[in-house]
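Now for the letters of each chain:
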Amino acid sequence: MSDSTISFQERMATAEFRVHHDAHIVVDGKVCADCSTRECVVACPASLFVPTSDGGIVFNYEQCFECGTCYIVCNREGAISWHYPEGGHGVVFRRT
Amino acid sequence: MSQPDVDVVVVGGGPAGSCAAIVAARAGLSVVLLERGPFPGSKNMYGGVVYPRILDELIPNWWEEAPIQRWVTRRSTMMLTDTQALTVDFRSEAWGKPPYNGATAFRPDWDHWLAGYAEAAGAQLLTDTTVVGLIRDAKGAVVGVRTDRPDGDLTARVVIACDGVNSFLAKEAGLYEHADAKHFTLGVKETLSLPKEVIDERFAVRDRHGVDIEILGGTGKVNGGGFLYTGLDTLAVGVVLKLPKLAAQQQRPEQLVAGLKAHPAIAPLVQGAELKEYSAHLIPEAGLTMMPKMTTSGMLVAGDAAALCLAAGIWLEGVNFAMASGMYAGEAAVEAVHAGDVSENGLRGYQRRLSDTFVLKDHRKLRRAPELVLSDRVQHLYPGMIANVAERMFHVDNPHPKPGVRRILAQERKKAGVRRRDLLRDGWTGFRSFG
């Protein structure tokens with residue numbers, strides 16, 4: 001895949017994720033509702049936070065690198081609750 | 001107090017955790033090493049260079065076994081503007097022979113390899129196990145951890161928290177202040193495949209020799225840096241981005257990587273290479289400024305969890321600090337268990353070892369460097385100014401005679417909008433840090 005043609009989905013498909021059925025990120029939509037800066041949307045390297053037309057945020061936790069960027073850049077207390085996924089789940093970087 | 005399950009629980013199977021477990025297990029303590037991923041290293045990612053000399057004592061001749069990609073024999077520091085590049089390029093054959101200097105390696109390989117020594121020393125490795133909290137006694141001393149396994153409580157005389165940059169354990173123990181975005185950078189990397197012969201030719205290296213390129217000025221308006229490293233048949237290219245700036249500039253991390261890859265000085269090096277893996281990780285960037293207290297009764301904190309990562313521009317190190325702090329935490333735990341005093345006072349050997357060695361000496365010496373390197377002037381004004389000086393020095397503009405270097409410097413400083421006293425002050429800070 002050369003870079004010019006690769007979609008973000010294809011990019012994310014290069015990393016392995018062992019998805020657990022419980023979300024390890026919880027977003028409180030009420031706290032986010034009037035946030036205009038939306039640091040999480042820009043900064044999340046996996047682009048897991050997506051703004052909706054009605055001013056909310058939808059997120060998914062499945063392809064999370066577990067880096068912690070979202071809750072650290074977030075300016076709103078209590079908007080993002082974040083913990084590690086269940087043991088054995090989540091991102092698995094490759095061995096050669 | 002009833003007998004604890006084990007002497008030492010180490011949380012996290014990264015370089016800090018494995019070194020702590022090796023030391024404690026070799027001293028005869030019972031040790032459990034907990035790893036939340038399916039294997040040690042599975043959650044871990046970095047740019048790509050490790051400096052392993054700290055392993056000399058723990059694993060003599062480590063270079064015969066270590067899963068390295070290439071030995072770094074060529075180090076370049078590159079300064080970019082949109083259309084210019086100024087590179088300082090150093091190479092040494094000595095770095096291609098034992099005991100070597102730096103090596104490119106993948107963290108899943110490296111961490112997995114190192115954890116093998118902990119197991120060989122007698123530590124029990126439990127993978128797929130996430131620690132969800134601390135167990136504390138009535139006085140608040142740490143006496144174990146809770147895991148997400150059924151009946152997953154594990155009590156220990158000493159807990160060594162090597163749970164990484166987000167260290168929920170250090171936070172729970174009250175050792176960390178609230179995480180401040182300005183102390184962190186986000187590292188985003190693309191691992192690209194390219195045939196070994198092509199890499200050898202493009203980067204002018206042979207055999208297992210490799211290249212480390214650190215890049216200033218390749219991240220647009222977002223303060224940070226770039227890197228390009230050679231694996232055996234892969235390249236690692238990526239950026240490190242100051243979190244508040246990234247959010248404020250509304251630029252996506254992968255777009256900044258694409259921008260770096262498209263730069264005229266970088267594009268020919270990565271051309272035709274295919275994306276093998278995209279990855280990201282947070283870096284505790286601010287050094288001494290952000291370091292938590294690292295000892296409390298029953299617990300020590302090491303590695304990224306203790307912000308022991310050196311991000312000082314021309315020196316970018318972390319795994320060595322993790323391995324060293326893990327070793328010293330292991331030694332202090334052994335001392336405390338043997339003395340029968342695992343209180344904060346009984347564990348004070350850890351802080352002493354950190355203070356007496358490069359771990360805190362380097363950080364103290366370079367305490368002003370991270371802020372300087374990520375400052376707006378170093379990031380956005382100096383690269384252009386310096387590149388313009390170089391361009392005018394080497395540009396033969398006949399029939400005009402050559403201008404004097406001092407005049408060029410003065411003119412370019414003014415053109416860049418850099419005040420003389422700021423330049424002097426930054427120069428002095430840099431001199432005091434790096435000199």
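These numbers were taken from a predicted model, which means no experiment stands behind them.

Chemist: Would you mind showing me how to read the overall build of chain B here?
Modeler: For chain B, the helix and strand inventory stands at 14 helices and 19 strands. Relative to a compact globule of 435 residues, whose C-alpha radius of gyration would be 22 Å, chain B shows 23 Å and is just as compact. Counting all 435 residues of chain B, 59% fall into the buried class. Of all intrachain contacts in chain B linking residues separated by at least 6 positions in sequence, the fraction that spans at least 24 positions is 72%. Accessible surface for chain B amounts to roughly 17900 Å². Of this, 53% is attributable to carbon and sulfur atoms. The averaged location of the 49 negative side-chain charges in chain B is 10 Å from the averaged location of its 50 positive side-chain charges.

Chemist: Please clarify how the packing of aromatic side chains should be interpreted in this entry.
Modeler: To describe a pair of aromatic rings, one takes the distance between the centres and the angle between the planes. Within this structure, the stated rule accounts for 20 aromatic pairs over all chains. A ring pair is formed by F65 of chain A and F93 of chain A, whose centres lie 6.2 Å apart and whose planes are at 20°; its orientation type is stacked. Remark: F93 of chain A occurs in the segment after β6 (90-92) and F65 of chain A occurs in the loop between β4 (57-59) and α4 (69-73); sequence separation between them is 28 residues. With respect to burial, F65 of chain A and F93 of chain A carry one shared label: buried. Residues W113 of chain B and Y117 of chain B carry aromatic rings whose centres are separated by 5.3 Å and whose planes lie at 80° to one another, so their mutual orientation is edge-to-face.

Chemist: For this particular structure, what's the right way to read the domain arrangement of chain B?
Modeler: When the parts of a complex come together, some accessible area is lost, and that lost area is often used as the size of the interface. All names here are of chain B. Segmenting chain B into domains produces domain 1 (6-69 + 105-176 + 292-366), domain 2 (182-284) and domain 3 (375-434). Using C-alpha coordinates to define each centre, domain 2 is positioned 26 Å away from domain 3. Taken together, the two surfaces of domain 2 and domain 3 that pack against each other cover about 470 Å², and 44% of this comes from carbon and sulfur. Across the domain 2-domain 3 interface, the total number found is one salt bridge. Joining domain 2 to domain 3, the criterion identifies four residue pairs in polar contact (both at pLDDT 80 or more). Tallied by class, residues from the side of domain 2 that touches domain 3 come to two nonpolar, five polar and two charged.

Chemist: I would appreciate a short explanation of the nonpolar core in the present structure.
Modeler: In summary, soluble globular proteins display a tendency toward joint burial of nonpolar side chains. By size, the foremost hydrophobic cluster in this structure holds 153 residues, and its most contacted members are F49, F65 and I80 of chain A together with L55, W110, M299 and Y350 of chain B. The biggest single contributor to this core is helix α8 (residues 319-339) of chain B, with 13 residues. A domain-level breakdown of this core finds at least three residues from each of domain 1 (6-69 + 105-176 + 292-366) and domain 2 (182-284) of chain B. When sequence neighbours within four positions are dropped, the list of residues in contact with L55 of chain B reads C19, P60, W62, W110, W113, L114 and M323 of chain B. If you look at the next biggest cluster of nonpolar residues, it comprises nine residues, including F227, A236, V240 and C309 of chain B.

Chemist: Even after reading the chapter, I still don't get the side chain of T429 of chain B, so can you show me in this structure?
Modeler: Within the element layout of this structure, T429 of chain B appears in helix α14 (residues 420-434). The residues contacting T429 of chain B, other than those within four sequence positions of it, are R368 and L372 of chain B.

Chemist: Mind showing me how you'd approach the interface of chain A and chain B here?
Modeler: The interface of chain A with chain B comprises 41 residues on the first partner and 48 residues on the second. At the boundary of chain A with chain B, total buried surface from both sides reaches about 3700 Å², with 55% on carbon and sulfur atoms. Applying the counting rule to chain A against chain B returns four salt bridges. Put simply, R11 of chain A and E190 of chain B hold a salt bridge, and the shortest N to O gap is 2.7 Å. Applying the counting rule to chain A against chain B returns 22 residue pairs in polar contact (both at pLDDT 80 or more). Only α1 (8-12), α3 (39-43), α4 and β6 of chain A provide two or more residues apiece to the side of chain A that touches chain B. Considering only residue class, the side of chain A that touches chain B consists of 22 nonpolar, eleven polar and eight charged.

Chemist: Please clarify how the environment of R76 of chain A should be interpreted in this entry.
Modeler: All names here are of chain A. Its location among the elements puts R76 in the loop between α4 and β5 (80-82). Between the alpha carbons of R76 and R38 there is a distance of 9.8 Å; along the sequence they are 38 residues apart. In contact with R76, not counting residues within four places along its chain, are V31, D34 and C35. At 2.9 Å, the side chain of R76 and the side chain of D34 are in polar contact.

Chemist: Can you help me understand the environment of L316 of chain B in this one?
Modeler: Residue and element names in this part refer to chain B. Within the element layout of this structure, L316 appears in strand β19 (residues 315-317). Taking the C-alpha atoms as reference points, L316 and R364, separated by 48 residues in sequence, lie 15 Å from one another. Once residues within four sequence positions are removed from consideration, L316 is found in contact with Y51, E214, L310 and A311.

Chemist: Looking at this structure, I do not really get unusual backbone geometry. What am I missing?
Modeler: Trans is the common state for peptide bonds, and a negative phi is the common state for residues other than glycine. All names here are of chain B. Of note, the bond from P98 into P99 is cis; its omega dihedral lies within 30 degrees of zero at 0°. Here P99 lies in the loop between β5 (85-91) and β6 (102-104). The residue after N398, namely P399, is reached through a cis peptide bond having omega 10°. Note that P399 resides in the loop between α12 (376-394) and α13 (405-416). Positive phi, normally seen in glycine, also occurs at D207, with a value near 50°. Along the polypeptide, D207 turns up in the loop between α4 (196-203) and β12 (209-216). In this model, Q250 sits at a positive phi of 55°, which is unusual for a non-glycine residue. Along the polypeptide, Q250 turns up in the loop between α5 (243-249) and α6 (253-262).

What counts and how
Every chain is numbered on its own, with residues counted from 1 as its sequence reads. Chain letters and ligand numbers both follow the written order, the letters beginning at A and the numbers at 1. Where totals are concerned, whole chains, interfaces and linings use all residues; where local detail is concerned, this predicted model gives features only for residues with pLDDT of at least 70, and gives and counts side-chain atom pairs only at 80 or more. Each side-chain value is worked out from all heavy atoms of the structure, with water and hydrogens disregarded. The helix and strand labels rest on DSSP assignments: H or I over at least four residues marks a helix, E over at least two residues marks a strand, and numbering proceeds from the N terminus. We take the radius of gyration over the C-alpha atoms and set the globule estimate at 2.2 Å times the residue count to the 0.38 power. Only protein chains enter the accessibility calculation, which uses a 1.4 Å probe; a residue is then buried when its area is under 20% of its type maximum, exposed when over 50%, and partly exposed in between. Only heavy atoms enter the contact rule, under which two residues are in contact if any of them lie within 4.5 Å. In short, Shrake-Rupley with a 1.4 Å probe defines the accessible areas, and a residue's cover is counted only from the protein chains shown. The convention is simple: Lys and Arg are positive, Asp and Glu are negative, and His and the chain ends are not counted. Where a charge lies is defined by one atom per residue type: Lys uses NZ, Arg uses CZ, Asp uses CG and Glu uses CD. In this analysis, rings of Phe, Tyr and Trp, with Trp reduced to its six-membered ring, are considered paired at centre separations within 6.5 Å, and the interplanar angle assigns stacked below 30 degrees, edge-to-face beyond 60, and tilted for intermediate values. Delimitation of the domains relies on an automatic or database domain assignment. Two parts placed together each lose some accessible area under a 1.4 Å probe, and adding up what both lose gives the buried area. By definition here, a salt bridge exists when the distance from a side-chain nitrogen of Lys or Arg to a carboxyl oxygen of Asp or Glu is within 4 Å. Whenever a nitrogen or oxygen atom comes within 3.5 Å of another N or O atom, the pair is scored as a polar contact, on the condition that within protein one atom can donate a hydrogen and the other can accept it, and that pairs from neighbouring residues in sequence are kept only if both atoms are in side chains. In the scheme used here, Gly and all other residues not listed as nonpolar or charged are polar, with Ala, Val, Leu, Ile, Met, Phe, Trp, Tyr, Cys and Pro taken as nonpolar and Asp, Glu, Lys and Arg as charged. In plain words, nonpolar cores are sets of buried Ala, Val, Leu, Ile, Met, Phe, Trp, Tyr and Cys residues tied together by side-chain atoms within 4.5 Å.

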